[in-house]
Amino acid sequence: MKYKSQKVAYWFFAFSMLLLILQIIYGFIMAFAHLGYDNLHPVIAFNTARAVHTNLLVVWLLSGFMGAAYYIIPEEAEYELVNVKLAYIQLITLALVGVTAVIGYHFNYWEGRKFLEIPRPLDWLVVANVLTFLGIILTTLFKGKKRTTTSLVLTMGLVFAALLYLPGMIWFDNQTMDSFFRWWVVHLWVEGVWELIMGGILAFLLIKITGVDREVIEKWLYVIVGLTFISGILGTGHHYYYIGVGKVWLIVGGIFSALEPLAFLAMALFAIAMYRKGEKKHPNKIALSWTLGTAIVSFVGAGLLGLAHTLPQVNMYTHGTLVTAMHGHLAFWGAYGMIVLAFISYSLPNLTGRKLYDSNRGVLAFWLSNIGMLGMTVAFGVAGVAQVYLERRVGLEFGDVQKEIQVHFLILIICATMFTTGIGLFIAEFIRYGQPTDEALIAATDHDA
Amino acid sequence: MLSKSQAKVFFLGGTMVTFVIFLGLSWNSLSKEVPKRTHEENLTAQVVAGKHIWEKNNCMGCHTILGEGAYYAPELTKVYERRGEAYIKVALMTKTPWQPRGRQMVAYGMSDKDASDVVAFLKWIGEIDLNGFPPKPDLKK
């Protein structure tokens, strides 16, 4: 039995895909600028492209999470969303705030705080929007028949994500304080509460796809989110090494950051183990690829490549270089980009009633985007390591070093083209599915009842 | 074998304990270390004005400061020491587009006052005790 109100998820996913395309376009603008072709500079200067690129990332992921929540919560709580109309209004206002912010970035309307460039007045609209979203989710959960661990972990992640937005809105005169609390938002989001959201979505997908008993999956979900918080909260210390706070963070950050990959490793092993344990074979192979893929790539990108530069002795040299961009790309892709795409791949056939899940195009989309992103990560890594040696150890001028490493951005662009082709195919499939229908949802008792 | 309720206790307990430690360490850093390490007595109105201009123009969208920002343009934590006031002011006040080593910077055409504010901000930044960051190039002959 499915729920008609789940349809709203589709429009969040559609919005998400639109922003993903834009994010990629602005990524290309930056890559070409690094290669020496910054012809758009008078219209879209690098700092504009950069703010748009990272903010669109955050918003398309959040929109994907919200869509996933609107799909998961009715099914888990066994109750229709309490106010579907409000959910649509929430999506439209989210889009309006997003568009205003992005346009503003082209006209110097922003505040230059990495990842949190949205100006304060718009911040309040974001807060109102997220509160509306949480209101719908929490009321549905409260009125619903069941409160499962999966839905609680997911909701807890969403509530904390909203709460943690607030420290980023306080003004500090002191740059060190500003930076300190900015990481409460950014780090505790991506290496904390977003992992709850990811864990919740992953657990839901594994329950549906592998058919393994819910109790087993949810038990391990607790262990994984436990490991995430135990390592991740104090792991915030790796952002505090060199910003003007004490040496204690070198020790605390160093040790707990080294534990952070464990949470991701646990997640990867868990997903693989559940897949092997599962007796029923769900026909949606593409959703399965993305689900296992997100668990594995997040371990490599967020876990291992993070560890590659969180030791204080290493970070002293890599801090503020392209090495960070190397880690950032595969981490966000593996942990958050892929889980959203996994969820879309799983839910679209149920929403639209069309079972297109063994198409070659879908398989190709998975492999091209993943191999492309891996290639981009390698290109950033090579450029970053060369930069670290030439600039930080040999002491060459920044500009001279950038000339030396320019060629790696050519490789980056080639790999990014491959990645984009994969995403293009994914979106082509998305469009081919068409729009959701009530009949499809009611009929979708299917394999994963 | 671990039961689901034990796993839940592990999650809630572990989170609570680490979060309390995190709050304690943060409190200690912010109340005791930051005022000393950042020389808060030198945090003048001019420095704060400079920070406003810094943020208003999203300088972090190309540069890094305290190692944070984007990687398109130079690290500016020690720029005051490296280039001096005059150089920085020219970069901020010029109205003609310029491209140091082929990479374009926005020609802000700032007023003398605004440029001085940013310089004051960067000078203050340069004096923060950053545990040895940015590192001295150890292979430089």
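In this text, all values refer to a predicted model and were calculated from it rather than measured experimentally.

(A) Representation of the overall build of chain B. For chain B, the count of helices and strands is 4 helices and 2 strands. Along chain B, from the amino end to the carboxyl end, the secondary structure elements read α-α-β-β-α-α. Over its C-alpha atoms chain B spans a radius of gyration of 21 Å, topping by over 25% the 14 Å that the globule rule assigns to 141 residues. Projected onto its principal axes, the C-alpha coordinates of chain B cover approximately 70 × 40 × 35 Å. Looking at chain B residue by residue over its 141 residues, the buried ones come to 49%. The long-range fraction of contacts in chain B, counting pairs at least 24 apart against all pairs at least 6 apart in sequence, stands at 50%. Summed over its atoms, the accessible surface of chain B is roughly 7,100 Å², and 63% of this surface lies on carbon and sulfur atoms.

(B) Spotlight on the interface of chain B and chain A. Each side of the interface is counted separately: chain B has 71 residues, and chain A has 79 residues. Of the roughly 6,700 Å² buried where chain B meets chain A, counting both sides, 62% is carbon and sulfur surface. Among the residues of chain B in contact with chain A, K4, F11 and Y71 of chain B are the three that bury the most area, contributing 12% of the side total. Joining chain B to chain A, the criterion identifies 7 salt bridges. One salt bridge in this structure joins R393 of chain A and D138 of chain B, with 2.8 Å as the shortest N-O distance. Here chain B is connected to chain A by 34 residue pairs in polar contact (both at pLDDT 80 or more). Residue assignment for the side of chain B that touches chain A shows that the elements contributing at least two residues are α1 (4–37), α2 (45–56), β1 (64–65), β2 (68–69) and α4 (112–126) of chain B. In terms of residue class, the side of chain B that touches chain A is made up of 36 nonpolar, 18 polar and 17 charged.

(C) Just the packing of aromatic side chains, in detail. All chains considered together, the criterion is met by 40 aromatic pairs over all chains. With a centroid separation of 4.9 Å and an interplanar angle of 85 degrees, the aromatic rings of Y10 of chain A and W11 of chain A are classed as edge-to-face. On the basis of relative accessibility, which here comes to 6%, the residue Y10 of chain A falls in the buried class. A relative accessible area of 31% means that W11 of chain A is categorised as partly exposed. Counting every residue linked through ring pairs, the aromatic cluster contains F172, F180, F181, W184, Y240 and W249 of chain A together with F19 and F22 of chain B. Across from the ring centre of Y71 of chain B, 5.8 Å away, lies the NZ or CZ of R50 of chain A, which sits over that ring.

(D) Representation of the pattern of salt bridges. Enumeration over the complete set of coordinates arrives at 23 salt bridges over all chains. Among the salt bridges present, the one from K7 of chain A reaches D438 of chain A, with a minimum N-O distance of 2.4 Å. Taken together, the residues span a long stretch of sequence, with K7 of chain A in the segment before α1 (8–35) and D438 of chain A in helix α15 (residues 438–443) at a distance of 431 residues. For D438 of chain A, a relative accessible area of 23% corresponds to the partly exposed category. Linking R113 of chain A and E111 of chain A is a salt bridge whose minimum nitrogen-to-oxygen distance equals 3.2 Å. By relative accessible area, R113 of chain A is classed as buried at 2%. Take E111 of chain A: its relative accessible area is 9%, and that puts it in the buried class. One network of salt bridges, in which partners are shared, links E111, R113, R120 and D178 of chain A together with K51 and E55 of chain B.

(E) Summary view of unusual backbone geometry. Backbone torsion omega between F133 of chain B and P134 of chain B reads -10 degrees, so that peptide bond is classified as cis. Following the sequence through the fold, P134 of chain B ends up in the segment after α4. Phi at F115 of chain A is positive, roughly 75 degrees, even though this residue is not glycine. One can find F115 of chain A in the loop between α3 (84–105) and α4 (120–143). Backbone geometry at R101 of chain B places phi at a positive 50 degrees, although glycine is not the residue there. Relative to the helices and strands, R101 of chain B is located in the loop between α3 (79–93) and α4.

(F) Molecular detail of empty space enclosed by the protein. Residue and element names in this part refer to chain A. Following the criterion strictly, the structure yields 7 cavities of 30 Å³ or more and no others. Approximately 130 Å³ is the volume found for the second largest cavity. What lines the second largest cavity is N284, I286, I344, S345, L348, L356, Y357, G362, F426, E429, F430 and Y433. At the level of secondary structure, the elements contributing two or more residues to the lining of the second largest cavity comprise α11 (322–352) and α14 (407–433).

(G) Layout of the side chain of H282 of chain A. Tracing the chain through its elements places H282 of chain A in the loop between α8 (248–277) and α9 (285–307). Of the polar contacts made by the side chain of H282 of chain A, one reaches the backbone nitrogen of N284 of chain A; its length is 3.0 Å.

(H) Here's a closer look at the layout of surface pockets. Residues and elements named next belong to chain A. What the second largest pocket holds in volume is close to 680 Å³. Mapped onto the lining of the second largest pocket, the elements with two or more residues apiece are α1, α2 (46–77), α3, α4, α5 (149–163) and α6 (175–210). The element best represented in the lining of the second largest pocket is α3, accounting for 9 residues. For the lining of the second largest pocket, the per-class residue count stands at 36 nonpolar, 3 polar and 4 charged.

(I) Main features of the domain arrangement of chain B. Domain assignment breaks chain B into domain 1 (1–37) and domain 2 (41–126). Here domain 1 of chain B and domain 2 of chain B have C-alpha centroids that lie 37 Å from each other.

(J) Quick peek at the packing of α2 of chain A against α5 of chain A. Residues and elements named next belong to chain A. At a minimum axis separation of 10 Å, α2 and α5 run at an interaxial angle of 145 degrees. Classified by chirality, the crossing of α5 by α2 is left-handed. Facing F65, A69, I72, I73 and E76 of α2, the residues of α5 in contact are T150, S151, L154, T155 and L158. Tallied by class, residues from the contact of α2 with α5 come to 6 nonpolar, 3 polar and 1 charged.

Parameters and conventions
Along each chain, residues carry numbers from 1 onward, in the same order as the chain's sequence is written. Chains carry letters and ligands carry numbers; both start at the beginning, A for chains and 1 for ligands, and go up in the order they are written. Where local features are concerned, this predicted model is filtered to residues with pLDDT of at least 70; where side-chain atom pairs are given and counted, the filter is 80 or more; whole-chain, interface and lining totals use all residues. Just so you know, side-chain values use all the structure's heavy atoms and leave hydrogens and water out. In this text, helices come from DSSP runs of H or I with a minimum length of four residues, and strands from runs of E with a minimum of two, each type numbered from the N-terminal end. In this setup the radius of gyration rests on C-alpha atoms only. A globule is expected at 2.2 Å times the number of residues raised to 0.38. With a 1.4 Å probe rolled over the protein chains alone, any residue whose accessible area is under 20% of its type maximum counts as buried; one over 50% counts as exposed, and the rest are partly exposed. Whether two residues touch is decided by their heavy atoms; if any such pair falls within 4.5 Å, the residues are in contact. Working definition of accessibility: Shrake-Rupley area with a 1.4 Å probe, residue cover restricted to the visible protein chains. Joining two parts hides part of their accessible area as seen by a 1.4 Å probe, and the buried area is that hidden amount summed over both. In what follows, salt bridge is the name for a side-chain nitrogen of Lys or Arg lying within 4 Å of a carboxyl oxygen of Asp or Glu. Polar contact criterion, stated in full: a pair of N or O atoms within 3.5 Å, where within protein one must be able to donate a hydrogen and the other to accept it, and residues adjacent in sequence count only if both atoms are side-chain atoms. For this classification, the nonpolar set comprises Ala, Val, Leu, Ile, Met, Phe, Trp, Tyr, Cys and Pro, the charged set comprises Asp, Glu, Lys and Arg, and every other residue, Gly included, is treated as polar. Classification of ring pairs rests on two measures: the distance between centres of Phe, Tyr or Trp rings, Trp counted by its six-membered ring, which must be within 6.5 Å, and the angle between planes, read as stacked under 30 degrees, edge-to-face over 60 and tilted in between. For a lysine, the NZ atom is tested; for an arginine, the CZ atom; a charge sits over a ring if that atom is within 6 Å of the ring centre and within 35 degrees of the ring normal. Cavity: a set of points on a 1 Å grid over the protein atoms alone where a 1.4 Å probe fits but cannot get out. Pocket: an open set with protein on both sides within 12 Å along at least five of seven lines, its lining residues, like those of a cavity, having an atom within 4 Å of a point. Grid points are joined across faces, edges and corners, and a volume is the space filled by probe spheres set on the points. Domain start and stop positions are those given by an automatic or database domain assignment. Between N-to-C directions, angles cover 0 to 180 degrees, with each direction set by a line fitted to C-alpha atoms, over the stretch in contact for helices. Crossing handedness is read from the near helix: turned anticlockwise from the far helix by less than a right angle, it gives a left-handed crossing, and turned clockwise, a right-handed one.

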